[in-house]
Structures are given as structure tokens and as C-alpha cells.
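Chains, contacts and geometry: an overview
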Amino acid sequence: MARGLLRTVPGNKVHRDVLKAWMEEIKRDYDIYTYALGYDPWRMDDTTVRDLEAYVGKQRVFPVRQGPQTLSQPMKQLKADYRIVDNHHPITEWCRMNVTVRLDINGNIQPDKKQNNPSNRIDGFMAELDAYIVLNNIMDEYSQAI
């Protein structure tokens, strides 16, 4: 934490007020605006979804289910189309190194933790993949906006 690479919050869930404050901080400090959001609907409460919709607009908040039907094709595309710039952030790179691919009977793939070890965190990669899915869903609209 001394290097400022990670921000922690109490408990095992990030409260919506912390998320909104962070989005306001990056807007204020870096002039980066949140255009759209993807979220894992598992355990997501309706109040948080409504708050996110109020922040960026209802039409730009997307549930991204964390299963092979949603993740398989984008994972295959992401490998060929990788264009995420993170300035070699060590935590994000560590998360990527912890990702393995799980293949199902239908040839669908989805991310999994290397060696099925819970300490091999993949959250950074999952956030990238969710953002990639949302970007692909709104690419035409986003391209016209920028």
C-alpha cells in the first residue's frame, strides 16, 4: 500500500458510495469520465444498479454474467484484440498471470484461477474482460462520442 497500487475498503464488499466516490475522484484528478459500466449481477443489489444508472445513464449499465456463454467469445477476441493500457501495473499483471482457461464440453472457454488456488487472484483480469465486453456492446455509440 505504500506504493499506492491498491486501495482497500473494510469488509468483503465494496459499498456503492465508495465506488461513486472513486469515479468522482478519477474524474476530478485525471479528467477521466465513466462512460459505461459492466457489473457482475451476482449479489448486486438493485439500489447499487440504480445508482450506477443514475451516474452514467440507464442505457450504459450492463450486467455481465460470469459464465462461459457470456465470457467465451470475448475471451477469444480479447487475445487477438488486446488493447488495454495499464502502464504495466504490477497487480493487474499478477492477476493476468493467475488466469488459466477452463474449457467446457461445447468448446466454450472461461477464466479460472491457476491451479484452482483461491490465493491466485484474477479480479483485475475479470474487470478488464467485463469492460471489454461492455466496450464491444457499445463500440459504435462510443466511437461516435469520442
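Up top is the structure.
Residues numbered from 1 in each chain as written. Predicted model: local features only at pLDDT ≥ 70, side-chain atom pairs only at ≥ 80, totals over all residues. Heavy atoms only, no water.

Here helix 5 (residues 123-145) contains 23 residues, and its C-alpha end-to-end distance of 29 Å is more than 12% below the 33 Å for a straight helix at 1.5 Å per residue. Along its length, helix 5 reaches its greatest deviation from straightness, about 75 degrees, at Met139. The set of residues buried in helix 5 consists of Phe125, Met126, Glu128, Leu129, Asp130, Tyr132, Ile133, Val134 and Ile138. At its buried positions, helix 5 is contacted by strand 1 (37-39), strand 2 (61-63), helix 3 (68-80), helix 4 (90-97), strand 3 (99-103) and strand 4 (109-113). (Helix = DSSP H or I, 4+ residues; strand = E, 2+ residues; numbered from the N terminus. Expected span 1.5 Å × (residues − 1). Bend = angle between axes of the 7 residues up to and from the residue. Buried < 20%, exposed > 50% of the residue type's maximum accessible area, 1.4 Å probe, protein only. Contact = heavy atoms within 4.5 Å.)

Another aspect to go through is the packing of aromatic side chains. Per the stated rule, a full pass over the model turns up one aromatic pair. Each ring, one from Tyr35 and one from Tyr142, has its centre 5.1 Å from the other, and the planes form 65 degrees; the classification is edge-to-face. Note that Tyr35 is positioned in the loop between helix 1 (16-30) and strand 1 and Tyr142 in helix 5, a separation of 107 residues in sequence. Exposure remark for Tyr142: the relative accessible area of 28% places this residue in the partly exposed category. (Phe/Tyr/Trp six-rings, centres within 6.5 Å; stacked < 30°, edge-to-face > 60°.)

Glancing now at the nonpolar core. Of all hydrophobic cores here, the largest spans 15 residues; its most connected members are Leu71, Phe125 and Leu129. Listing elements by their share of this core, those giving two or more residues are helix 3 and helix 5. With seven residues, the top contributor of residues to this core is helix 5. Residues contacting Leu129, with those up to four places away along its chain left out, are Leu71, Pro74, Met75, Leu78 and Pro111. Counting residues in hydrophobic clusters, the runner-up holds seven residues, among them Met23, Leu37, Val49 and Val61. (Core = buried A, V, L, I, M, F, W, Y, C linked by side-chain atoms within 4.5 Å.)

Take the pairing of strand 4 next. Across the five residues that make up strand 4, a large majority, four, are buried. Here strand 3 hands over to strand 4 after five residues, with Gly107 in that stretch at a positive phi of 85 degrees. (Pairing = 2+ DSSP bridges.)

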